[in-house]
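# Observations on chain architecture
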Amino acid sequence: MKVILDTDPGIDDALAIAYAAAAPEIDLVGLTTIYGNVDISHASRNARYLADLLKLDIPVARGAEAPLGVAQFQPSGHLHGSEGFGDVTEIPDLGAEHPESAAAFLLRMAREHGDNLTIVSLGPLTNIAEALQLDPEFAQMPGRVIVLGGSVGGPGNATDAAEANMLSDPLAADAVFASGLPITLVGLDVTLKPLYGIADFAVLSAASPMVGGFLNRAVQSHLNFFCVTLGIDGCGLQDPTAVVACTHPQLFETVESGIRVPIDGDRAGATEPAEDRPPISVCRDMDTQAVMQLLTSRIASLH
């Protein structure tokens, strides 16, 4: 399948991109970048660095630098560090940005590949919303859009109501869920179930010194936050879980529901069931062990 990852790298984004590079089901045709874990300049630099590390000869198109209608976005560095990759701060600026914007690239690829294209959104939904603004017919073009974010069946992780990607641009999120795009929502209902700990990253490092070794170095401060601050024995695998949902949807249990996202107030960024919205697939459960085994085996194969 032709796949574009819309990404804000980010440690878990790096895992997701590595999995996509290793997955035989995926023909990765490009990366589009978005603010989120880091600002857009760092996100684009990090995406180009990862493309080089993974030997991916693909375009990297720079995306939105702030939410719809907002002048700027200030990322929080407490999870991913000031450069996006934890304590790994010397990230070379490699390659060149694609001349098209992320939204224009997404639209052109959707026109070119039609329902053979899957878009996996790993950050705020601003680029997807901007592609819809460029051409509302975009909603009927791609075969699937996997959205990492939201929390339909439980609390958020940014506020009591909202998950971070949805809260970052609730206006864009609500527009995307109203559009009729063929969405699968992979939210906190499932993404916090697989936990990757120190031993899991050590396995990747030993099996794949170049890629796994980088991931292992980058994740240490991230793991420390989860273990020491939150008392959790490992970190969640949010972004890579969404890419596994792309390659192995049979491992996920879904329900159909329309979704509305409040754009302000105490529930801004929440993902609320709505009968008057186009139905999407909402992941509610998954085969956690199978997902973790796939991630480990495939990323470990990268040399």
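Attention here is on the structure that accompanies the text. (Residues numbered from 1 in each chain as written. Predicted model: local features only at pLDDT ≥ 70, side-chain atom pairs only at ≥ 80, totals over all residues. Heavy atoms only, no water.)

### Observations concerning the environment of serine 168
Spelled out, the test is: Secondary structure follows DSSP: runs of H or I at least 4 residues long count as helices, runs of E at least 2 residues long count as strands, and numbering of each begins at the N terminus. The criterion used for residue contact is that any of the two residues' heavy atoms lie within 4.5 Å. Nitrogen and oxygen atoms within 3.5 Å of one another constitute a polar contact, given that in protein one can donate a hydrogen and the other can accept it, and given that sequence-neighbouring residues count only through two side-chain atoms.
Counting through the fold element by element, serine 168 comes out in helix H5 (residues 164-168). Counting along the chain gives 95 residues from serine 168 to phenylalanine 73, while the straight-line C-alpha distance between them is 8.5 Å. Here serine 168 is in contact with Tyr35, Pro67, Phe73 and Pro124, once residues within four sequence places are set aside. A polar contact of 2.9 Å, which involves the side chain of serine 168, links it to the backbone oxygen of alanine 164.

### Considerations on the packing of aromatic side chains
To be explicit about the condition: Stacked, edge-to-face and tilted are the three classes for Phe, Tyr and Trp ring pairs, Trp counted by its six-membered ring, which pair at centre distances within 6.5 Å; planes under 30 degrees apart are stacked, over 60 edge-to-face, the rest tilted. Note on exposure labels: buried denotes an accessible area under 20% of the residue type's maximum, exposed denotes more than 50%, and partly exposed covers the range between, all computed with a 1.4 Å probe on protein chains only.
All chains considered together, the criterion is met by 5 aromatic pairs. Ring centres of tyrosine 196 and phenylalanine 201 lie 5.0 Å apart, and the angle between their planes is 90 degrees; this geometry places the pair in the edge-to-face category. Its relative accessible area of 0% is what places phenylalanine 201 among the buried residues. By the ring-pair criterion, three or more aromatic residues cluster together here, those being Tyr49, Phe85 and Phe214.

### Some thoughts on the pattern of salt bridges
Here is the rule: Within this document, salt bridges are pairs made up of a side-chain nitrogen of Lys or Arg and a carboxyl oxygen of Asp or Glu, the two lying within 4 Å of each other.
This model, assessed by the stated rule, comprises 14 salt bridges. Salt-bridge contacts for lysine 2 lead to aspartate 27; the nearest nitrogen and oxygen are separated by 2.6 Å. Of the two residues, lysine 2 is situated in strand S1 (residues 2-7) and aspartate 27 in strand S2 (residues 27-33); the sequence distance between them amounts to 25 residues. The exposure class assigned to lysine 2 is partly exposed, which follows from its relative accessible area of 27%. We note a salt bridge from glutamate 25 to arginine 298, for which the minimum N-O separation is 2.7 Å. Here glutamate 25 is found in the loop between helix H1 (11-22) and S2, whereas its partner arginine 298 is found in helix H11 (residues 288-300), with 273 residues between them in sequence. By relative accessible area, glutamate 25 is classed as partly exposed at 25%. Take arginine 298: its relative accessible area is 14%, and that puts it in the buried class. The network of salt bridges with common partners includes Arg48, Arg62, Asp93 and Glu97.

### A look at the packing of helix H4 (residues 126-134) against helix H6 (residues 170-178)
Here is the rule: Only the stretch in contact is used when fitting a helix axis, every axis being a line fitted to C-alpha atoms; angles between N-to-C directions are given from 0 to 180 degrees. Angles below 35 degrees are treated as roughly parallel, those above 145 as roughly antiparallel, those between 65 and 115 as roughly perpendicular, and all remaining angles as oblique. Here a crossing is taken to be left-handed if its near helix is turned anticlockwise relative to the far helix by less than a right angle, and right-handed if that turn runs clockwise. Polar here means any residue other than Ala, Val, Leu, Ile, Met, Phe, Trp, Tyr, Cys and Pro, which are nonpolar, and Asp, Glu, Lys and Arg, which are charged; Gly is therefore polar.
Close contact between H4 and H6 brings their axes to 8 Å; oriented N to C, the two are set at 55 degrees. Our classification of the angle between H4 and H6 gives oblique. The element H4 and its partner H6 pack so that their crossing is left-handed. Contacts between H4 and H6 pair Thr126, Ile128, Ala129 and Leu132 from the former with Ala172, Ala175 and Val176 from the latter. For the contact of H4 with H6, the residue count by class is 6 nonpolar, 1 polar and no charged.

### Details of the state of the cysteines
Where two cysteines share a covalent bond between their sulfur atoms, that bond is called a disulfide. Here is the rule: Two cysteine sulfur atoms form a disulfide, by the criterion used here, when they sit within 2.5 Å.
In the structure shown here, the tally under the stated rule is 0 disulfides. Free cysteine cysteine 283: the closest other cysteine sulfur is in cysteine 246, separated by 12 Å. A relative accessible area of 1% means that cysteine 283 is categorised as buried.

### Let's talk about the nonpolar core
As a reminder of what qualifies: By nonpolar core is meant a set of buried Ala, Val, Leu, Ile, Met, Phe, Trp, Tyr and Cys residues that side-chain atoms within 4.5 Å join together.
Within the largest apolar cluster, 63 residues are counted, with the highest numbers of intra-cluster contacts made by Leu5, Leu28, Phe85, Val120 and Phe214. Of all the elements, H1 adds the most residues to this core, at 9 residues. Leave out the neighbours within four places in its chain, and valine 120 touches Val3, Ile4, Leu5, Asp6, Ile146, Ala242, Val243 and Cys246. Val29, Val145, Ile280 and Val282 belong to the second largest nonpolar core, which has 34 residues in total.

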